[in-house]
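Structural overview
Residue-level listing of the chains:
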Amino acid sequence: QVQLVESGGGLVQAGGSLRLSCAASGRTFTSYAMGWFRQAPGKEREFIAYISLSGLITYYADSVKGRFSISRDNAKKTVDLQMNSLKAEDTAVYYCAASSGGTYSYVDAYRAWGQGTQVTVSS
């Protein structure tokens, strides 16, 4: 089993940037594809970005495509989310998650989750 801890959240003005990081513990990190999700108050958790085991394949939600970038470092057991051109509607708690298979944009495809990190974008 893999344990995940997110960091890097905070308060930023609209148009600014933040970089989230997710640190994994356990020896099986390279067995998991990884994803980032977010959840705003009163809304369901939504898919943001996915990266394959090797890091060669990535997918993004339409709402963040061209602004966010996901990357992973298997040697360091980390997954990062670079967020640029932030908007007020990006305000949410952001979660990283580990997937062992399934549809990459579905919450049910992920078996381990971090505790989340708050991102607040002021307009």
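Residue positions within a chain follow its written sequence, with the count starting from 1. Reporting of local features is limited, given that this is a predicted model, to residues whose pLDDT is at least 70; pairs of side-chain atoms are given and counted only at 80 or more, and all residues count toward the totals for whole chains, interfaces and linings. Hydrogens and waters are ignored; side-chain quantities use all the structure's heavy atoms.

A count of helical and extended segments in the protein chain gives zero helices and 11 strands. In this text, helices come from DSSP runs of H or I with a minimum length of four residues, and strands from runs of E with a minimum of two, each type numbered from the N-terminal end. Of the regular secondary structure in the protein chain, the N- to C-terminal order runs β-β-β-β-β-β-β-β-β-β-β. Radius of gyration means the value over C-alpha atoms here, while the globule rule gives 2.2 Å times the residue count to the 0.38 power. On C-alpha atoms alone, the protein chain measures out to a radius of gyration of 13 Å, which is about the 14 Å that the 2.2 N^0.38 rule sets for 123 residues. C-alpha extents for the protein chain along the principal axes are approximately 40 × 25 × 25 Å. Relative to all contacts within the protein chain whose residues are 6 or more apart in sequence, the contacts with residues 24 or more apart total 57%. Only four residue types enter the tally: Lys and Arg on the positive side, Asp and Glu on the negative side, with His and both chain ends excluded. In this description, the location of a charge corresponds to atom NZ of lysine, CZ of arginine, CG of aspartate or CD of glutamate. The distance from the centre of the 12 positive side-chain charges to the centre of the 9 negative ones in the protein chain is 6 Å. By the convention used here, residues are in contact when the closest approach between their heavy atoms is within 4.5 Å.

As a further point, take unusual backbone geometry. Unlike most non-glycine residues, K77 shows phi in positive territory, near 60°. Considering the arrangement of structural elements, one finds K77 in the loop between β7 (68-73) and β8 (78-83). For S85, which is not a glycine, the phi torsion comes out positive at approximately 50°. Relative to the elements of secondary structure, S85 occurs in the loop between β8 and β9 (92-99). When its relative accessible area of 42% is taken as the criterion, S85 is described as partly exposed. Remark: exposure states derive from per-residue accessible area (1.4 Å probe, protein chains only) relative to the maximum for the residue type, with buried under 20%, exposed over 50%, and partly exposed in between.

With respect to the helices, strands and loops of the structure, T117 is situated in strand β11 (residues 117-122). Between N or O atoms, a polar contact is any pair within 3.5 Å; within protein, one atom must be a potential hydrogen donor and the other a potential acceptor, and residues adjacent in sequence are included only when both atoms are from side chains. At 3.2 Å, the side chain of T117 forms a polar contact with the backbone nitrogen of G9. Contacts of T117, omitting those with residues within four sequence positions, involve E6, S7, G8, G9, L20, A92, V93 and Y94.

With respect to the helices, strands and loops of the structure, V64 is situated in the loop between β6 (58-60) and β7. Taking the C-alpha atoms as reference points, V64 and D90, 26 residues apart in sequence, are found 8.7 Å from one another. Ignoring sequence-local partners within four residues, the contact set of V64 consists of R38 and I48.

Before going further, it helps to spend a moment on the pairing of β11. Of the two faces of β11, only the one carrying T117, V119 and V121 is buried; Q118, T120 and S122 on the other face are not. For two strands to count as paired, DSSP must find a minimum of two bridges between them. Summarising the sheet, strand β2 (residues 10-13) and β11 pair through four bridges and their orientation is parallel. Counted as the bridge partner of Q13 is S122 from β11.

With that out of the way, let us pick up the state of the cysteines. For this text, the term disulfide refers to a pair of cysteine sulfurs within 2.5 Å. Per the counting criterion, the structure on display carries one disulfide. The disulfide partner of C22 is C96, and the S-S distance across this bridge is 2.0 Å. Here the disulfide of C22 and C96 is right-handed, its torsion about the S-S bond being about 50°. One end of the pair, C22, is in strand β3 (residues 18-25); the other, C96, is in strand β9, and 74 residues separate them in sequence. Taking relative accessible area as the criterion, C22 reaches 1% and is therefore assigned buried. The exposure class assigned to C96 is buried, which follows from its relative accessible area of 0%.

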